[in-house]
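The lines below spell out each chain.
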Amino acid sequence: MIECSEVSFSFPGARSSRLIFDRMNVSFAEGKFHAVMGPSGSGKTTLLNLLDATLRPHSGSITIAGKEVGAYQLGELRGHILTRIYQDYRLIPFLTAADNIRLAQQVAGNLKSKPDCALDLLQRLGIYDLADYPASQLSGGEAQRVAIARALANYPKVILADEPTGALDEKASLEIAVLLRNLAHETGVCIVTVTHDPALAAAADRVVLVHDYQMVEKNLSTSPQGSF
Ligand SMILES: Nc1ncnc2c1ncn2[C@@H]1O[C@H](COP(=O)(O)OP(=O)(O)OP(=O)(O)O)[C@@H](O)[C@H]1O
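Because the structure is a prediction, the values reported are computed rather than measured.

The rules behind these values
Residues numbered from 1 in each chain as written. Predicted model: local features only at pLDDT ≥ 70, side-chain atom pairs only at ≥ 80, totals over all residues. Heavy atoms only, no water. Buried < 20%, exposed > 50% of the residue type's maximum accessible area, 1.4 Å probe, protein only. Helix = DSSP H or I, 4+ residues; strand = E, 2+ residues; numbered from the N terminus. Arc of directions from axis to C-beta. Near = heavy atom within 4 Å. Polar contact = N/O pair within 3.5 Å; in protein donor to acceptor, adjacent residues only side chain to side chain. Nonpolar A, V, L, I, M, F, W, Y, C, P; charged D, E, K, R; others polar. 1 Å grid on protein atoms, 1.4 Å probe; cavity = no way out; pocket = protein on both sides within 12 Å on 5 of 7 lines; lining within 4 Å. Points joined across faces, edges and corners; volume = space filled by probe spheres on them. Disulfide = S-S within 2.5 Å. pLDDT = per-residue confidence, 0-100. Contact = heavy atoms within 4.5 Å.

## With respect to helix 3 (residues 97-107)
Piece 1. Turning to helix 3, its buried residues number three or more, namely Ala97, Ala98, Asn100, Ile101, Ala104 and Gln105. Buried positions in helix 3, seen along its axis, are confined to an arc of 165 degrees and lie on one side of it. The outward face of helix 3, more than 90 degrees from its buried face, is lined by the exposed residues Gln106 and Val107.

## Points about the site of the ligand
Piece 1. Taken together, 14 residues form the shell around the ligand, and within it Ser40, Gly41, Lys44, Thr46 and His196 come nearest.
Piece 2. Contact between the ligand and His196: an oxygen atom at 2.8 Å from a side-chain N or O atom of the residue.
Piece 3. If one sorts the elements of the shell around the ligand by residue count, helix 1 (residues 44-51) sits on top with 3 residues.
Piece 4. For the shell around the ligand, the residue count by class is 3 nonpolar, 8 polar and 3 charged.

## Description of the layout of surface pockets
Piece 1. Of the volumes computed, that of the largest pocket is approximately 410 Å³.
Piece 2. Considering the residues around the largest pocket, the lining is formed by 19 residues, among which Arg78, Gly79, Thr83, Arg84 and Arg150 are closest to the centre.
Piece 3. Counting residues per element, the ones that place at least two in the lining of the largest pocket are strand 6 (82-86), helix 3 and helix 5 (140-152).
Piece 4. Of the residues in the lining of the largest pocket, the class split is 9 nonpolar, 5 polar and 5 charged.
Piece 5. Roughly 260 Å³ of internal volume is contained in the second largest pocket.
Piece 6. Every residue lining the second largest pocket is listed: Met1, Cys117, Asp120, Leu121, Arg124, Leu152, Tyr155, Pro156, Lys157, Thr187, Gly188 and Val189.
Piece 7. Among the elements that take part in the lining of the second largest pocket, helix 4 (residues 118-124) stands out by supplying 3 residues, more than any other.

## Re the state of the cysteines
Piece 1. In the structure shown here, the tally under the stated rule is 0 disulfides.
Piece 2. Cysteine Cys4 shares no disulfide, and the gap to the nearest cysteine sulfur, in Cys190, comes to 10 Å.

## Quick look at the confidence of the model for the protein chain
Piece 1. Averaged over every residue, the pLDDT of the protein chain is 89; residues scoring 70 or more account for 93%.
Piece 2. Averaged pLDDT values for the elements of the protein chain fall to 84 in strand 10 (residues 214-218) and rise to 97 in strand 8 (residues 190-194).
Piece 3. Contacts for the low-pLDDT stretch residues 222-228, under 50 throughout, to residues beyond four places or in other chains number 20 contacts.
Piece 4. Per the prediction output, this complex has pTM 0.90; the corresponding ipTM is 0.96.

Structure below.
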């Protein structure tokens, strides 16, 4: 689904002109939950920013679903091809859970052409009862579930997650980790999360480490079981 080939990148400017990636190669398959780990400052968020065309590589190629990321219209790439979720959820606090999802459909121009999927998604993520609650009244774990539902609203091929459990306690982190893995398996979406959280890494189908400006495979042992 995602292919990075010989990708090199550094930030311009004196302080940060060091290389972040140097002819880096990595791919991320559909229907899998991938965790990207590495020390602080190693380039994990930079990778997500390259994948959604916030940043452009100096050289090399990044394709999603067979097409160069830079060749997509930004409006098509962000919202239709891929969506992002964040540590701080980024919900609209005064809108209900359901309306946060509907807003994503509306912004993508899908609310007229496709059925309203908000309640179906909330049901699927086990939070149907929260549909009419303002986002500001949700717990962290509940808010992240709504954010994941919103990320699914336009049937993306890829979800990019930036520390999605960074603000959650251990129990909620494990639930979100298993939820993301099961969503990848059940819907075929390719999920790439950057994280420091061992619970996310343990739930992942695959863990890659950022090391020496490259992506290196890490061998997996066990995964938590369960269904959310
Ligand atoms: N806009 C920017 N301009 C210049 N340098 C930047 C910029 N954004 C990030 N950097 C630098 O690029 C490097 C990689 O940053 P990045 O945020 O990708 O790391 P990270 O692995 O996600 O870190 P963390 O785990 O702490 O979130 C760091 O040295 C950072 O200081």
